[in-house]
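Structural overview for review
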Amino acid sequence: RKGCVVITGASSGLGLATAKALAETGKWHVIMACRDFLKAERAAKSAGMSKENYTIMHLDLSSLDSVRQFVDSFRQSGRPLDVLVNNAAVYQPTARQPAFTAEGFELSVGTNHLGHFLLSRLLLDDLNKSDYPSKRLIIVGSITGNTNTLAGNVPPKANLGDLRGFAGGLNGLNSSTMIDGGNFDGAKAYKDSKICNMLTMQEFHRRYHEETGITFASLYPGCIATTGLFREHIPLFRALFPPFQKYITKGFVSEEESGKRLAQVVSDPSLTKSGVYWSWNKDSASFENQLSKEASNVDKARKVWEISEKLVGLA
Ligand code: NDP
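Each residue is numbered by its place in its chain's sequence as written, counting from 1. Totals for whole chains, interfaces and linings use all residues, but because this is a predicted model, local features are given only for residues with pLDDT of at least 70 and pairs of side-chain atoms are given and counted only at 80 or more. Note that water and hydrogens are dropped before the side-chain values are worked out from all heavy atoms of the structure.

1. Quick word on a nonpolar patch on the surface
Here a patch means residues that are over 30% exposed by relative accessible area and free of salt bridges, tied together within 9 Å if like-charged and within 5 Å if nonpolar (Val, Leu, Ile, Met, Phe, Trp, Tyr). Here the open area of atoms and residues is found with the Shrake-Rupley method and a 1.4 Å probe, where only the protein chains shown may cover a residue. What makes a salt bridge here is a side-chain nitrogen of Lys or Arg within 4 Å of a carboxyl oxygen of Asp or Glu, nothing more. On the surface, Ile234, Leu236 and Leu240 cluster together into a nonpolar patch covering about 310 Å² of accessible area. Burial classification: accessible surface area is computed with a 1.4 Å probe over protein chains only, and a residue below 20% of its type maximum counts as buried, one above 50% as exposed, and the rest as partly exposed. Note on Ile234: relative accessible area 46%, which makes it partly exposed.

2. A few points about the pattern of salt bridges
Considering all chains together, one arrives at 19 salt bridges under this definition. With its nearest N and O atoms 2.8 Å apart, the salt bridge here joins Glu203 to Arg207. Taken together, the positions of Glu203 and Arg207, both in helix H6 (residues 186-212) and 4 residues apart, correspond to about one turn of that helix. Each of Asp299, Arg302, Lys303 and Glu306 takes part in salt bridges that share partners, so that together they form one network. Numbered from the N terminus, helices here are DSSP runs of H or I no shorter than four residues, and strands are runs of E no shorter than two.

3. Section: the pairing of strand S4 (residues 83-86)
Side chains Val83 and Val85 project from S4 onto one buried face, and the interleaved Leu84 and Asn86 project onto a second face that is buried too. Note on pairing: two strands pair once DSSP finds at least 2 bridges between them. In this structure, strand S1 (residues 3-8) lies alongside S4, joined through 3 bridges in parallel fashion. Considered in S4, the bridge of Ile7 is made with Val85. Judged from the 4 bridges that link them, S4 and strand S5 (residues 136-140) form a sheet pairing that is parallel.

Structural measurements only, silent on function.
Written out as structure tokens, the structure reads:
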């Protein structure tokens, strides 16, 4: 049978390119889990995906009710879950004021981390039930969360501190909107959310890999400077960022190439190792990358997990 993969945020950028790459193989049915149905349908059509290879299902990661509803509708569809790709993200580098999820968490961490945390925890059962030979749970990471790299050292740097704001619920009322308890900074909130993504992947690996055989992985797909992720940046930045990445840092990858990379993490028989953060070298060959000290801190991973459980109502 075909594999069934759920990809969050498949209506643009990396998620769409991955959906297209997998659909084209004829070996995958892609569930595009998106907040904007019409946009996703148009995106799939203009990418040339044929109808029998995908289904669009509504998911708004900035609402935990929506996450639970998505899980219910997915189960009702009767399809097996073979691979889950947590890809969607918001990035608000120029926001002066924080925005919030339906439950009142700061939007970047609430969407990118907490929404995906609940989704992954709930769907772990479904992955477990699948009889697919290589089941995987993938969380898209980012170099911007790795302070052991040049790009990861561009200020403001990611830093979860002692998690005091996170433990307080990131609500801006009786707690800070930032994980470390500091003042709101949209660019930093995004980077912090990506650290949480990478810590979560490793905590999943430690807690569940042996017992379930599921492969847990994260990746840095390269700098895809053309995606919608930068839509809220100032126009000058948006104009200069792609050529800067192409000619100066040489970290630029096209959306198509990044989609092929993530598709490899979904389906390549040689990428079954669990607990790995994949990256690609200049010749587009994959390798196991090192995570920064903070993004591989075992104690922090456990604490982030435990606080996340409380915030999303699992504990
Ligand atoms: P895009 O903005 O193109 O795609 C993000 C996707 O997330 C969109 O489909 C968007 O939906 C969706 N999304 C945002 N908020 C929600 C929500 N509340 N509920 C459901 N879906 C939502 O960015 P990219 O393709 O660049 O980003 C994809 C992933 O790649 C992210 O995890 C990002 O951190 C990561 N990444 C990107 C890099 C880059 O250089 N671009 C580098 C490293 C990592 P909609 O279409 O409705 O807006």
